[in-house]
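Overview (structure and organization)
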Amino acid sequence: NVVGLQQAAAETALTGVGSLRANIRLEFGAPTNAGDAEVDMLATPPLNVRAPVNLDRQVVRISVFCPAGARGNPANPNRLQIYAKDSDWRAEYTVETNIVENEWITYSMPVSTNTPPGGWKAEGFRPDRIRALGVRIKCGGTNSAYAGPIYIDTVSFPVSGRPLYGFDSSLQ
């Protein structure tokens, strides 16, 4: 699960002067086998954006850095996916992908009423009423426990043509 969130220093930023550090604890078969880090745009809206946001047929991008050890056991690697939630908290998730260590990876998700290939979408999901975007990290299996950080930066979508969350200040 995600046990804490905090602003991280510039050396862990993809762009700007900071990123969001999500402290993770994953254990196979335990209640802590998965965790989410998300931004609720109704609670903490980006500048000049009013939530819920119409993201129907728009592409969301979230950049993630996972340090050494985050992947866990190569035979049962830990996985990551990004998601969107509508104003009723119904979600759409991308396919799970194995964690890549020690490099920034930008994950993309076209938000729509169609279920993403290999992903999942709740019945009644409304892509025209998005309130939250996030990252889910999941334990891959036996011997893949991980306790440590992952870093999230530049959450964006084309409504404004700029990164909406760069995590450069404690208010983003």
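One structure accompanies this document, and this report is about it. What you see is a predicted model, and the numbers here were worked out from it, not measured in a lab.

1. Comments concerning unusual backbone geometry
For the bond from Ala-51 to Pro-52, the omega torsion is 0°, close enough to zero to count as cis. Of note, Pro-52 is situated in the loop between β3 (34-40) and β4 (58-65). Positive phi outside glycine occurs at Asn-102, with the angle close to 65°. Of note, Asn-102 is situated in the loop between β7 (97-98) and β8 (104-111).

2. What about the environment of Asn-54?
When you line up the elements, Asn-54 lands in the loop between β3 and β4. Along the sequence, Asn-54 and Asp-128 sit 74 residues apart, while their C-alpha atoms lie 3.8 Å from each other. A distance of 3.0 Å separates a polar atom in the side chain of Asn-54 from the backbone nitrogen of Asp-56.

3. Quick word on the packing of aromatic side chains
Scanning all chains against the criterion turns up 4 aromatic pairs. For the ring pair Tyr-83 and Tyr-93, a centre distance of 4.9 Å and an interplane angle of 40° mean the geometry is tilted. Within this pair, whereas Tyr-83 is found in strand β5 (residues 79-86), its partner Tyr-93 is found in strand β6 (residues 91-93), the two being separated by 10 residues in sequence. When its relative accessible area of 8% is taken as the criterion, Tyr-93 is described as buried. Aromatic side chains Tyr-93 and Trp-120 sit 5.9 Å apart centroid to centroid with 45° between the ring planes, which places their arrangement in the tilted category. Here the residue Tyr-93 occupies a position in strand β6, and Trp-120 occupies one in strand β9 (residues 120-121), the gap between them amounting to 27 residues. For Trp-120, a relative accessible area of 46% corresponds to the partly exposed category. Of the aromatic side chains, those joined through ring pairs into one cluster are Phe-65, Trp-104 and Tyr-151.

Reading the values: the criteria
- Residues numbered from 1 in each chain as written.
- Predicted model: local features only at pLDDT ≥ 70, side-chain atom pairs only at ≥ 80, totals over all residues.
- Heavy atoms only, no water.
- Helix = DSSP H or I, 4+ residues; strand = E, 2+ residues; numbered from the N terminus.
- Polar contact = N/O pair within 3.5 Å; in protein donor to acceptor, adjacent residues only side chain to side chain.
- Phe/Tyr/Trp six-rings, centres within 6.5 Å; stacked < 30°, edge-to-face > 60°.
- Buried < 20%, exposed > 50% of the residue type's maximum accessible area, 1.4 Å probe, protein only.

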